[in-house]
Amino acid sequence: MRSVDIDVGGTFTDLVLTFDDRRVIAKSPTTPYDLSVCFMNVLEDGADQLGQAVADLLPAIEVVRYSTTVAMNRLIERRGPRLGFMATEGHEEAVLIGRGAQWVDGLRIGERRNLAVQHKPAPLVTRPLIVGLKERIDSAGRVLRQLDEDDVRAKLRTLMDRGARAIAVSLLWSFANPIHEKRVREIIREEYKGYHVGYLPVVLSHEVVGKVGEYERSMTAILDAYLQRSIKLEMEATWDQLRELGYRGSFLLTHNTGGSAEMFKTTASRTYNGGPISGLMGSYHIGKSLGYRNVIASDVGGTSFDVGMVVDAGVRSYEFRPIIDRWMVGISMLQTTTMGAGGGSIAWINTLLNRLEVGPRSAGAMPGPVCYDLGGTEPTVTDADVVLGYISPDTYFSGRMPLDRAKAVAAIETKIAQPLGVSVDEAAAMIRHIVEENMASAIKREVHLRGYHPEDFVLFAFGGGGPTHVAGYRADVPTAVIFPQSPVFCALGSSVMDIMHVYEVSKRMVFMEAISERFTTDYESYNAAVRELIERATIDLKAEGLAVETALFQIELDMLYGGQVHVKRVAVPHLTIANECQMEEIYAAFEQEFSAAFSPHVVNRPGGVYLENIILKATVPTEKLELPERPLQPPDASSAQTGSRDAYWPASKARVATPVYRFEAMQPGHRIEGPSLVDAEFTTLVVPPGQVFSIDARGLGILQYANGVPQ
């Protein structure tokens with residue numbers, strides 16, 4: 001396989017370049033002003049490692065996969081066009097009213113508790129740019145009021161006169177019958193041609209979310225319309241450079257549903273949170289190949305800490321109404337938790353409480369931590385790591401980015417140590433302790449609130465800061481795994497992700513009758529919906545030049561018990577239903593999933609079972625990572641030791657000459673005890689007292705407690 005996988009993070013852009021039997025990794029600082037710059041920078045770095053020019057390399061590459069933060073960045077910056085929004089007459093205010101949770105959607109827990117100071121987010125589309133159209137379709141798809149086309153034209157001109165540069169259309173029950181939404185787009189194209197200079201993007205709600213939920217469907221359409229142009233420009237700049245340099249393969253974007261698809265078959269909202277999803281899916285595929293059924297995926301980047309879970313060798317924990325920035329949307333996203341904690345997280349004194357806090361603000365890529373010497377003045381977690389001696393200023397980022405330790409010391413002393421009346425080392429250790437406790441709390445919440453035990457999982461630690469902090473945040477998880485590619489693991493994850501399209505449609509029907517517990521016999525209604533989804537998927541796969549005969553089609557159903565509100569998604573063994581035996585199999589799978597997620601005590605067969613949505617996953621498998629086993633060597637790792645450096649260890653409250661090892665020089669079977677430091681190409685593993693680090697037969701780093709339990 002010859003592939004390029006790139007993940008753009010808030011601080012660094014990561015590359016995994018696979019070329020026949022070679023795999024090289026690279027990192028480059030992210031350039032927020034133009035993401036195509038960091039994309040090409042890191043690609044050039046990877047090509048140099050292969051001894052090739054980019055122009056010679058790209059024609060031989062089969063696929064480029066890209067996880068991008070463009071959608072997130074543009075929403076944070078509120079850099080989008082002025083939107084016009086068309087709703088059904090009488091429902092113009094729906095997106096402004098929102099749901100009750102709109103006041104706190106997207107806020108941190110600490111902010112939610114202080115309701116008195118909360119405000120609704122400033123809307124992406126303002127009231128003067130919202131119009132109601134004279135039309136009405138009911139929940140069964142019947143036309144109750146014909147679309148008034150003259151009214152559409154008049155209100156369209158009103159929106160344009162008020163400055164609209166993109167249009168989102170969300171009419172009631174459009175997913176049941178899209179005839180009016182489609183006609184509205186036709187009218188817009190008649191009035192404003194696609195070949196005119198002032199091209200007007202139009203997003204229809206039934207095309208981005210084909211299921212029930214007026215507010216969520218409308219907000220998804222609005223977000224796609226808001227983000228489409230900026231993402232298009234960013235992607236086109238990168239795409240044009242690739243084509244000019246001879247690349248002729250596919251350009252795939254990571255989806256937050258767990259797959260990837262062509263740029264030309266991707267909506268803007270589905271690229272949101274692509275990086276963490278790549279890490280989660282990489283943990284799933286690689287964990288499965290290693291024999292790990294339960295994995296906690298933890299990614300410590302420059303600006304954020306992301307956590308996801310693989311349970312029972314599967315990734316089926318979805319957010320059915322996820323929050324993108326401050327808005328609830330209708331697309332289903334794989335569940336991950338993100339918090340503002342990373343290497344660039346800023347340490348500050350909360351003067352109101354007179355205590356040290358870390359994050360959620362971040363120094364980002366520019367100006368970055370104080371030790372970067374790029375203009376940063378506020379101390380960060382990375383500054384603390386440098387001050388404590390864990391990160392070497394001379395070998396950071398493979399020696400290509402020397403750090404200024406003196407400036408880091410001065411910043412922590414002035415901003416943290418002196419106000420708290422402690423030494424600089426103690427202040428730096430406090431910064432590390434707080435950020436690691438915040439990360440550990442996020443993992444505990446994620447695991448315990450889903451009803452699992454940390455002892456049943458292994459922890460994959462990745463991102464540039466994952467190995468540096470994993471010893472402090474893994475808490476009750478007995479084993480942490482560190483990969484040679486941990487600093488670029490999200491890019492590695494995208495390299496093993498399948499090409500996958502996800503299609504959803506609302507299909508409300510009785511699956512099992514209440515009281516009698518008889519299964520429905522209306523198979524044809526269900527099967528017709530499935531066949532329609534498969535037809536849509538087949539058309540899209542063919543349009544991307546993919547072999548449909550190699551595709552795998554999987555049906556998942558959103559189901560719930562009567563009298564309950566908790567919906568559970570379940571994978572079913574059959575595409576269509578032909579008999580009662582298959583109905584029994586589907587119900588058995590649903591009951592098992594529901595019991596595991598909630599409790600066997602809330603299973604409610606007498607209340608009946610109802611079907612909410614049908615989901616089709618069309619998957620084209622890709623090659624997976626192979627990790628061959630090698631013979632184990634004696635545990636003595638002295639051959640990999642490169643020297644020592646003074647490091648401060650809070651347990652002894654003193655600086656100690658700590659042995660330093662080279663990760664790449666350690667062999668399977670090698671074992672070291674803490675306190676130790678292990679330098680890798682783009683990260684440093686910190687092994688504190690009471691923990692041991694070893695290399696297993698596959699060359700992976702294994703961090704465990706010396707006595708099997710936390711000290």
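Use the structure listed above.
Please read all numbers here as calculations on a predicted model, not as lab measurements.

The number of helices and strands found in the protein is 17 helices and 34 strands. Principal axes of the C-alpha set define a box for the protein whose edges measure 80 × 60 × 60 Å. Looking at the protein as a whole, 58% of its 711 residues are labelled buried. Across the protein, every contact between residues at least 6 apart in sequence was considered, and the portion connecting residues at least 24 apart equals 67%. As displayed, the protein offers around 28,700 Å² of accessible surface, 51% of which is attributable to carbon and sulfur atoms. Charge centroids of the protein, computed over 71 positive and 87 negative side chains, lie 4 Å from each other.

What follows deals with the sheet that holds strand β29 (residues 654-662). Strands in a sheet are paired, the pairing made by backbone hydrogen bonds, and the direction either parallel or antiparallel. Strand order in this open sheet of four strands is β28-β29-β31-β32, and the pairing throughout is mixed. In this open sheet, the two strands that pair with only one neighbour each are β28 (641-649) and β32 (684-687). Between one strand axis and the next, the sheet turns by 30 degrees as a mean value, whatever way the strands run. Pairing analysis gives three bridges linking β29 to strand β31 (residues 676-679), with the strands arranged parallel. Within β31, the position partnered with Arg662 by the bridge is Asp679.

The subject of this paragraph is empty space enclosed by the protein. Throughout the structure, instances matching the rule amount to four cavities of 30 Å³ or more. There is about 60 Å³ of room inside the largest cavity. The set of elements that each furnish at least two residues to the lining of the largest cavity consists of β5 (83-88), α4 (94-97) and α9 (214-244). Broken down by element, the residue count for the lining of the largest cavity peaks at three residues, all from β5. Split into classes, the residues belonging to the lining of the largest cavity amount to six nonpolar, four polar and one charged.

Quick look at the nonpolar core now. Residues Met86, Phe251, Tyr526 and Leu557 are the most contacted members of the largest nonpolar core, which totals 118 residues. With 12 residues, α9 is the single largest residue contributor to this core. Filtering out sequence-adjacent residues up to four positions away, Leu557 remains in contact with Tyr526, Lys568, Arg569, Val570, Val572, Ile586, Leu611, Asn613, Ile614 and Ile615.

Between Gly359 and the following residue, Pro360, the backbone shows a cis peptide bond with an omega angle of 0 degrees. Relative to the assigned elements, Pro360 resides in strand β21 (residues 355-362). In this structure, the amide linkage connecting Gly674 to the following residue, Pro675, adopts the cis form with an omega of 5 degrees. Relative to the assigned elements, Pro675 resides in the loop between β30 (671-673) and β31. One non-glycine residue, Asp312, lies in the positive phi region at around 55 degrees.

Strand order in the open sheet made by the four strands is β6-β5-β9-β10, with parallel pairing throughout. Only two strands of the sheet have a single partner each, and these edge strands are β6 (130-133) and β10 (202-204). Put simply, the sheet's adjacent strands are angled 20 degrees from each other on average, direction ignored. In the packing of helix α6 (residues 149-161) onto the sheet, contacts are made with β5, β6 and β9 (166-170), and the angle to β6 comes to roughly 180 degrees.

Quick look at the layout of surface pockets now. For the second largest pocket, the calculated volume is near 990 Å³. Of the residues contributing to the lining of the second largest pocket, the split by class is 20 nonpolar, nine polar and 12 charged.

This part takes up the packing of aromatic side chains. One pass over the full model with this rule turns up 26 aromatic pairs. Each member of the aromatic cluster is reached from another via a ring pair, and the members are Phe511, Phe519, Tyr561, Tyr587, Phe590, Phe594 and Phe598. The ring of Tyr705 carries the charged tip of Arg474 above its face, separated from the ring centre by 3.8 Å.

Glancing now at the pairing of strand β13 (residues 295-300). Among the six residues in β13, six count as buried, and that is most of the element. Of the two faces of β13, the one holding Val295, Ala297 and Asp299 and the one holding Ile296, Ser298 and Val300 are both buried throughout. One ladder, built from six bridges, connects β13 with strand β14 (residues 305-310); its direction is antiparallel. The partner of Ile296 across the bridge, within β14, is Met309. Between β13 and β14, which pair antiparallel one after the other, the connecting turn spans four residues.

Summarising the element assignment, Gln582 is placed in helix α17 (residues 580-597). C-alpha of Gln582 to C-alpha of Val572: the two residues are 10 residues apart in sequence and 9.3 Å apart in space. Not counting residues within four places of it along the chain, the set of residues in contact with Gln582 comprises His574, Thr576 and Ile577. Reaching out from Gln582, the side chain makes a polar contact with the backbone nitrogen of Ala578 at a distance of 2.7 Å.

At their nearest, the axes of helix α10 (residues 274-290) and helix α15 (residues 489-496) sit 7 Å apart, and the two run at 65 degrees to each other. Note on packing geometry: the crossing formed by α10 with α15 is left-handed. Here α10 contributes Gly275, Ser278, Gly279, Gly282, Ser283, His285 and Ile286 to the contact with α15, which in turn contributes Phe489, Cys490, Leu492, Gly493, Ser494 and Val496. Residues belonging to the contact of α10 with α15 are distributed by class as follows: five nonpolar, eight polar and no charged.

All right, on to helix α16 (residues 523-543) then. Its 21 residues give α16 an end-to-end C-alpha distance of 30 Å, which sits within 8% of 30 Å, the value for a rise of 1.5 Å per residue. Its buried side turned inward, α16 meets β24 (499-512), β25 (552-561), α17 and β27 (609-620). Phi turns positive one or two residues past the end of α16, at Gly545, with a value near 75 degrees.

What counts and what doesn't
Residues numbered from 1 in each chain as written. Predicted model: local features only at pLDDT ≥ 70, side-chain atom pairs only at ≥ 80, totals over all residues. Heavy atoms only, no water. Helix = DSSP H or I, 4+ residues; strand = E, 2+ residues; numbered from the N terminus. Buried < 20%, exposed > 50% of the residue type's maximum accessible area, 1.4 Å probe, protein only. Contact = heavy atoms within 4.5 Å. Areas by Shrake-Rupley, 256 points an atom, 1.4 Å probe, with all protein chains shown as cover. Lys, Arg positive; Asp, Glu negative; His and termini not counted. Charge placed at Lys NZ, Arg CZ, Asp CG, Glu CD. Pairing = 2+ DSSP bridges. Axes fitted to C-alpha atoms, helices over the stretch in contact; angles between N-to-C directions. 1 Å grid on protein atoms, 1.4 Å probe; cavity = no way out; pocket = protein on both sides within 12 Å on 5 of 7 lines; lining within 4 Å. Points joined across faces, edges and corners; volume = space filled by probe spheres on them. Nonpolar A, V, L, I, M, F, W, Y, C, P; charged D, E, K, R; others polar. Core = buried A, V, L, I, M, F, W, Y, C linked by side-chain atoms within 4.5 Å. Phe/Tyr/Trp six-rings, centres within 6.5 Å; stacked < 30°, edge-to-face > 60°. Lys NZ or Arg CZ within 6 Å of the ring centre and 35° of its normal. Polar contact = N/O pair within 3.5 Å; in protein donor to acceptor, adjacent residues only side chain to side chain. Left-handed = near helix turned anticlockwise from the far one by under 90°. Expected span 1.5 Å × (residues − 1).

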